[in-house]
Amino acid sequence: MSRQEAGTRKTRIKDAAADFLEKRRIAVTGVSREASDHGSNVVYGRLRDRGYEVFAVNPNAEEVEGDTSYADLASIPGGVKAVVIATRPETAMQTMRECTELSIGHVWMHRGPGPGSVSEEAAEYGRQHGITVIDGGCPCMFGPTADTGHKAMCLVLKLTGNVPRKV
């Protein structure tokens, strides 16, 4: 990200995360039907356990962790207010376009120590279309979904740039 792009970001990550987590209907893309320790499954389970109305999105599964899985965001009855993208970065643009079409205003691109699901192109596209995009980190690092391990990881990943300081 260039300095000019970073300069346009004004909201602190803590505030953007709180705003995201105020949305009670959240979709998580990339939830695996098998790997319960997969990053997207961890986020999905944590949100569900904390009382969120959370929806798994996986076009290759009818059920994930005992819950209905949806092929895409448009298939979720009643829609959602926010989306966690936890797929490969090359599929993030497709999801971001769908968020734009469905007027979903908040997207979190999951990212831990590796490249995660962040696509700079998709993040920029989302911002240009009025979506608040958190491009890095994990919802489990903040607010009511946080745990000690994720909080510690958040501090370290802020130093490496994998958690943005501002969005």
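In short, a report on the structure. (Residues numbered from 1 in each chain as written. Predicted model: local features only at pLDDT ≥ 70, side-chain atom pairs only at ≥ 80, totals over all residues. Heavy atoms only, no water.)

1. Overview of the overall build of the protein
- Looking only at helices and strands, one finds six helices and seven strands in the protein.
- Element order for the protein, N to C, with α for helix and β for strand: α-α-β-α-β-β-β-β-α-β-α-β-α.
- Along the longest, intermediate and shortest principal axes, the C-alpha atoms of the protein span 45 × 35 × 25 Å.
- In the protein, which comprises 167 residues, the proportion classed as buried is 47%.
- Intrachain contacts of the protein at a sequence separation of at least 6 include 68% that bridge at least 24 residues.
- When the accessible surface of the protein is split by element, carbon and sulfur atoms take 48% of a total near 8,500 Å².
- Taking the average place of the 21 positive charges on the side chains of the protein and the average place of its 21 negative ones, the gap between the two points comes to 10 Å. (Helix = DSSP H or I, 4+ residues; strand = E, 2+ residues; numbered from the N terminus. Buried < 20%, exposed > 50% of the residue type's maximum accessible area, 1.4 Å probe, protein only. Contact = heavy atoms within 4.5 Å. Areas by Shrake-Rupley, 256 points an atom, 1.4 Å probe, with all protein chains shown as cover. Lys, Arg positive; Asp, Glu negative; His and termini not counted. Charge placed at Lys NZ, Arg CZ, Asp CG, Glu CD.)

2. What about helix H6 (residues 148–160)?
- Between its first and last C-alpha atoms H6 spans 19 Å; for 13 residues at 1.5 Å apiece the expected length is 18 Å, and the two agree.
- All of the buried residues in H6 are His 150, Cys 154 and Leu 157.
- The elements touched by buried residues of H6 are helix H3 (39–49).
- At the exit of H6 stands Gly 161, carrying a positive phi of roughly 90°. (Expected span 1.5 Å × (residues − 1).)

3. Overview of helix H5 (residues 120–128)
- When we look at burial in H5, the residues that qualify are Ala 122, Ala 123 and Gly 126. Seen along its axis, H5 keeps its buried residues to an arc of 100°; they face one direction. Along H5, the residues that are exposed and aim more than 90 degrees away from the buried face are Glu 120, Glu 121 and Gln 128.
- Elements in contact with the buried residues of H5: helix H4 (92–101), strand E6 (106–109) and strand E7 (132–135).
- Downstream of H5 by one or two residues, Gly 130 has phi in the positive range, about 80°. (Arc of directions from axis to C-beta.)

4. Here's the deal with the pattern of salt bridges
- Under the defined criterion, the tally for this structure stands at eight salt bridges.
- The shortest N-O distance in the salt bridge between Arg 48 and Glu 65 comes to 3.3 Å. Linking Arg 48 in helix H3 with Glu 65 in the loop between strand E3 (63–64) and strand E4 (67–70), this pair joins segments that are 17 residues apart in sequence.
- Salt bridges linked by common partners bring Arg 48, Glu 65 and Asp 67 together as one network. (Salt bridge = Lys/Arg side-chain N within 4 Å of Asp/Glu carboxyl O.)

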